[in-house]
Amino acid sequence: TSGHNCQLAMKVSTLDLIYNKEISLSGPIIFDVSPESISSNEYFTVRGKYFRPGQTSVKINGINVSISMLTPTQFRTYITSNFQNGPATIDVKVFNKNTIRDDLLTIAIPEIYDFSPKEGFYDDTISITGAYFDPLDIKVQFNRGLSAQIVAVSENLIKIKVPYDARETNTIFVTTR
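Values in this document were obtained by computation on a predicted structure and should not be read as measured data.

Section: unusual backbone geometry
The omega torsion of the bond from Ser 34 to Pro 35 falls at -5°, within 30 degrees of zero and hence cis. In the segment running from Ser 116 into Pro 117, the intervening peptide bond is cis, with an omega of 0°. If you trace the backbone, Pro 117 turns up in the loop between strand E10 (111–116) and strand E11 (125–131). In the Ramachandran plot, Asn 61 falls in the positive-phi region, its phi being about 50° despite a non-glycine side chain. Take Asn 61: it is sitting in the loop between strand E4 (56–60) and strand E5 (63–65). Notably, Phe 95 is not glycine yet its phi reads approximately 55°, a positive angle. For Phe 95, a relative accessible area of 49% corresponds to the partly exposed category.

Written as structure tokens, this is what we have:
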């Protein structure tokens, strides 16, 4: 028995199908921020999706801020001392699409309202009232150099002792973060 050789030839052609409708790309999505409350010159992380290196810009309360690290799902940025206390608006723009969230971030820059008594003597206790004090990271000095003993701290009150080396007239400096 002899075999037969058979060849099959197929011609395949390319056909372009065109569907004449526009596709709209999604804008960036913001899930959350960490930490949710920040002070001046403090970094925070924004998590979400559709961020793009080289094409993402960020505004906080309408002010452009720098991005220090960016991936498709998160970025880090910070605010300077030019911001006011209260809820902050985050505006993230990727290409020409933006997303605005005003329910995730609070700016809490420490403020001093008053102190009392206005006159005292060494070892007296002075109460400093204000807002947004960080009980874990606060320093009080007389004349920028003489540390005061901190007796108590809350978010809106600092109690200190007048140091023995204080001058007759002093300026009190409160530093946090």
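Still more ground to cover, so stick around.
Quick word on the packing of aromatic side chains
Summed over the entire model, instances satisfying the criterion amount to four aromatic pairs. Between Tyr 43 and Tyr 78 the ring centres are 5.0 Å apart and the planes differ by 50°, which places this aromatic pair in the tilted class. Residue Tyr 43 is found in strand E3 (residues 43–49), and its partner Tyr 78 is found in strand E7 (residues 74–78); the two are separated by 35 residues along the sequence. Classification of Tyr 78 by relative accessible area gives partly exposed; the value is 27%. Among the aromatic residues, ring-to-ring pairing joins Phe 121, Tyr 122 and Tyr 164 into one connected group. A cation over a ring is seen here: Lys 118 above Phe 115, with NZ or CZ 4.4 Å from the ring centre.

A short note on the nonpolar core
Core analysis: the biggest nonpolar cluster contains 20 residues, and Phe 44, Ile 60 and Val 92 have the highest contact counts within it. Counting residues per element, this core draws most heavily on strand E8 (residues 86–94), which supplies four residues. Those residues within four positions of Phe 44 in sequence are excluded, and the remaining contacts are Val 33, Ser 34, Pro 35, Ile 38, Ile 60, Phe 75, Arg 76, Thr 77, Tyr 78, Ile 79 and Leu 105.

Structural notes on the layout of surface pockets
Estimated volume of the largest pocket: approximately 360 Å³. Around the largest pocket, the lining comprises 17 residues; the ones closest to its centre are Lys 118, Gly 120, Arg 167, Glu 168 and Asn 170. By residue class, the composition of the lining of the largest pocket is nine nonpolar, three polar and five charged.

Topic: the environment of Pro 87
Among the secondary structure elements, Pro 87 is positioned in strand E8. By relative accessible area, Pro 87 is classed as exposed at 65%. Along the primary structure Pro 87 and Glu 36 are separated by 51 residues, whereas in three dimensions their C-alpha atoms are 10.0 Å apart. Pro 87 has contacts with Asn 61, Asp 102, Leu 105 and Thr 106, leaving out every residue within four places of it along the chain.

Parameters and conventions
Residues numbered from 1 in each chain as written. Predicted model: local features only at pLDDT ≥ 70, side-chain atom pairs only at ≥ 80, totals over all residues. Heavy atoms only, no water. Helix = DSSP H or I, 4+ residues; strand = E, 2+ residues; numbered from the N terminus. Buried < 20%, exposed > 50% of the residue type's maximum accessible area, 1.4 Å probe, protein only. Phe/Tyr/Trp six-rings, centres within 6.5 Å; stacked < 30°, edge-to-face > 60°. Lys NZ or Arg CZ within 6 Å of the ring centre and 35° of its normal. Core = buried A, V, L, I, M, F, W, Y, C linked by side-chain atoms within 4.5 Å. Contact = heavy atoms within 4.5 Å. 1 Å grid on protein atoms, 1.4 Å probe; cavity = no way out; pocket = protein on both sides within 12 Å on 5 of 7 lines; lining within 4 Å. Points joined across faces, edges and corners; volume = space filled by probe spheres on them. Nonpolar A, V, L, I, M, F, W, Y, C, P; charged D, E, K, R; others polar.

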